[in-house]
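Each chain, letter by letter, is given below.
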Amino acid sequence: EAQVTQNPRYLITVTGKKLTVTCSQNMNHEYMSWYRQDPGLGLRQIYYSMNVEVTDKGDVPEGYKVSRKEKRNFPLILESPSPNQTSLYFCATQETSGSVTDTQYFGPGTRLTVL
Amino acid sequence: GNSVTQMEGPVTLSEEAFLTINCTYTATGYPSLFWYVQYPGEGLQLLLKATKADDKGSNKGFEATYRKETTSFHLEKGSVQVSDSAVYFCALSPRENSGAGSYQLTFGKGTKLSVIP
């Protein structure tokens, strides 16, 4: 079954305590991306990766890091979380060998609260 | 830059009512247009899409037509069910062959639909 998994699903942490949200996919997709969802703002892209070792900033990259050492994994790293990073985070993947209008698959989301 | 504007919610309808959720966009060229649905506690799922003017996307009784002249992609369903209760997002991606940005989706703010029995 095609899957995008994220861990943890829920996380409450404190300001400044480094954390990592993992994303893994089993579809062998090259393209992976992180979005954050905030009320009244929809989804905004944080970072994306076109393939292993190739990452780039999206619209709201400040305060985040990513890495792409393996094709299937694309972790999101918050080195020093702050309360304004409290949000719902989604990982997404897409095949790139076909059309750009192919389906983008989303993970189930990670709800992060930074106190 | 690209942007998507969709009607604010929440929208509350009775079962079997007609649904319209308006979506308009601003983009250069000819973007591809999508509707995604987010059921409670879940990630987003592609509901339907259209890739060129006058295309009609359809799925699960939902339809949307790509109207270039009005830059719109309104979502419609003739008879909603309780199981359609969800948040609906309109989104666009740039035209093919524009590089990495082609895969970035620009989303509207979402419209929450509640269907009551």
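What comes next concerns the included structure.

Reading the values: the criteria
- Residues numbered from 1 in each chain as written.
- Chains lettered and ligands numbered in written order.
- Predicted model: local features only at pLDDT ≥ 70, side-chain atom pairs only at ≥ 80, totals over all residues.
- Heavy atoms only, no water.
- Pairing = 2+ DSSP bridges.
- Helix = DSSP H or I, 4+ residues; strand = E, 2+ residues; numbered from the N terminus.
- Axes fitted to C-alpha atoms, helices over the stretch in contact; angles between N-to-C directions.
- Contact = heavy atoms within 4.5 Å.
- Disulfide = S-S within 2.5 Å.
- Buried < 20%, exposed > 50% of the residue type's maximum accessible area, 1.4 Å probe, protein only.
- Buried area = accessible area lost by both parts, 1.4 Å probe.
- Salt bridge = Lys/Arg side-chain N within 4 Å of Asp/Glu carboxyl O.
- Polar contact = N/O pair within 3.5 Å; in protein donor to acceptor, adjacent residues only side chain to side chain.

1. A closer look at the sheet that holds strand β7 (residues 56-59) of chain B
Residue and element names in this part refer to chain B. Spatially, β3-β9-β8-β7 is the arrangement adopted by the 4 strands of the open sheet, whose pairing is antiparallel. The open sheet has two edge strands with one neighbour each: β3 (19-21) and β7. Strand-to-strand twist in this sheet, taken as the mean axis angle between neighbours without regard to direction, amounts to 15°. Where β7 lies against strand β8 (residues 62-65), 4 bridges are found, and the strand directions are antiparallel.

2. Some details on the environment of Lys-60 of chain B
With respect to the secondary-structure elements, Lys-60 of chain B resides in the loop between β7 and β8. Setting aside residues no more than four positions away along its own chain, Lys-60 of chain B makes contact with Tyr-39, Gln-45, Leu-47 and Lys-77 of chain B.

3. Here's the deal with the state of the cysteines
Across all of its chains, the model carries 2 disulfides over all chains by this definition. Through a disulfide, Cys-23 of chain A is tied to Cys-91 of chain A; the S-S separation comes to 1.9 Å. Between Cys-23 of chain A and Cys-91 of chain A, the disulfide has an S-S torsion of -70° and is therefore left-handed. Residue Cys-23 of chain A is found in strand β3 (residues 19-25), and its partner Cys-91 of chain A is found in strand β9 (residues 87-94); the two are separated by 68 residues along the sequence. As far as the burial class goes, Cys-23 of chain A and Cys-91 of chain A line up, both buried. Residue Cys-23 of chain B pairs covalently with Cys-90 of chain B via a disulfide, S to S 1.9 Å. Negative torsions about the S-S bond denote left-handed disulfides, and the value of about -70° found for Cys-23 of chain B with Cys-90 of chain B makes this one left-handed. Separated by 67 residues along the polypeptide, Cys-23 of chain B in strand β4 (residues 23-26) and Cys-90 of chain B in strand β10 (residues 86-93) bring together distant segments of the chain.

4. Some thoughts on the interface of chain B and chain A
Taken together, the contact pairs 23 residues of chain B with 26 residues of chain A. Summing the contributions of chain B and of chain A, the shared interface buries around 1,900 Å²; its carbon and sulfur component is 57%. On the chain B side of the interface with chain A, the three residues burying the most area are Leu-44, Tyr-103 and Gln-104 of chain B, jointly 33% of the side's total. Inspection of the region where chain B meets chain A yields 0 salt bridges. Seen at the junction of chain B and chain A, the total is 5 residue pairs in polar contact (both at pLDDT 80 or more). When contributions to the side of chain B that touches chain A are tallied by element, the ones reaching two or more residues are β5 (32-38), β6 (44-50) and β10 of chain B. Take the side of chain B that touches chain A: its biggest share by element is 4 residues, from β5 of chain B.

So, to be careful, I would describe these as geometric facts and stop short of saying anything about function.
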